[in-house]
Amino acid sequence: MPSADDIQQFLSAAFRLMIGRKDAIRQFDLSADGFWNSFFAIVVALPALAVIWVTAANDLSQLPEMTASRLSLFLRLAVADLGAWVLPIGGMALAARPIGIADRFVHYVVASNWGTAVIAWLMLPASLLNMLAPAAWREIASAVSLGFFALSLVLGWRLTNGALGKGPALASAVFVGMFAASLVVVLLFQYLLGVPTL
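All of the points below concern the structure found in this document. Within any chain, residue numbers begin from 1 and follow the written order of that chain's sequence. A pLDDT threshold of at least 70 governs which residues receive local features in this predicted model, and a stricter bar of 80 or more applies before side-chain atom pairs are shown or counted, although totals over entire chains, interfaces and linings include all residues. To obtain the side-chain values, all non-hydrogen atoms of the structure were included, while hydrogens and water were left out.

Moving on, we get to the nonpolar core. Counting residues in hydrophobic clusters, the biggest one holds 52 residues, and the most contacted among them are F28 and W114. Each helix corresponds to a stretch of at least 4 residues labelled H or I by DSSP, and each strand to a stretch of at least 2 residues labelled E; elements are numbered beginning at the N terminus. At the level of secondary structure, the elements contributing two or more residues to this core comprise α1 (4–18), α3 (41–61), α4 (70–95), α5 (105–122), α7 (138–164) and α8 (168–192). A per-element tally of this core places α3 first, with 11 residues. Should any heavy atoms of two residues lie within 4.5 Å, those residues are considered in contact. Look past the residues within four positions of W114 in its chain and what remains in contact with it is P2, I7, F10, L11, A14, F28, N37, S38, F40, A41 and V44. Residues enter a nonpolar core if they are buried and are Ala, Val, Leu, Ile, Met, Phe, Trp, Tyr or Cys, with the set joined through side-chain atoms within 4.5 Å. Partly exposed describes any residue whose relative accessible area lies between the buried limit of under 20% and the exposed limit of over 50%, with all areas from a 1.4 Å probe on protein chains only and scaled to the type maximum.

Let us now look at the side chain of Q190. Along the chain, the position of Q190 falls in helix α8. For Q190, a relative accessible area of 11% corresponds to the buried category. With residues near it in sequence (within four places) discarded, Q190 still touches L77, A80, V195 and T197.

Another aspect to go through is the pattern of salt bridges. The term salt bridge refers to a side-chain nitrogen of Lys or Arg lying within 4 Å of a carboxyl oxygen of Asp or Glu. This structure, assessed with the given rule, holds three salt bridges. The closest approach of N and O atoms between R21 and D23, which form a salt bridge, is 3.6 Å. According to the relative accessible area criterion, R21 is partly exposed, its value standing at 40%. Where D103 meets K166, a salt bridge forms, and the shortest distance between an N and an O atom there is 3.3 Å.

Encoded structure:
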């Protein structure tokens, strides 16, 4: 488990990559231990993700056909999202050599894990607004959420480009591929776990 100082350094490095500071890749621990420790970013992101899951579980529980409890929905949403975080990385491990990023695979995974934690926390204000806004403000809350989501895509692409260091075209292909893989995993888990999409 990384120390508190290391976690702060890695989150800062991820954010610096997102704002175009490609030299920030040197602030990560890119050793084998650093690779596995980067999955601790899931724990760092959990509080922010939990707000998203609570909001979604509350909304889903209002559907007339929904009989599952809010806790059950919360847990199913957590499984789907965490699966979408981890499983596409396994797919990328298999594809890294054929697509020419084997030498940057560790860089990408480490940066992406810590970057995903940063994005989860950046999305927190929109999640809280969705959770706490009165019904009359729902459209405004949805627009704010959409704006934060668009920002997260831009930052995620910039992080991918900085971590791979192989040019925007390959970064775009990897980013779109990983985004699509994550979406497929979420939808598959939600289908298997009986969670309707909102």
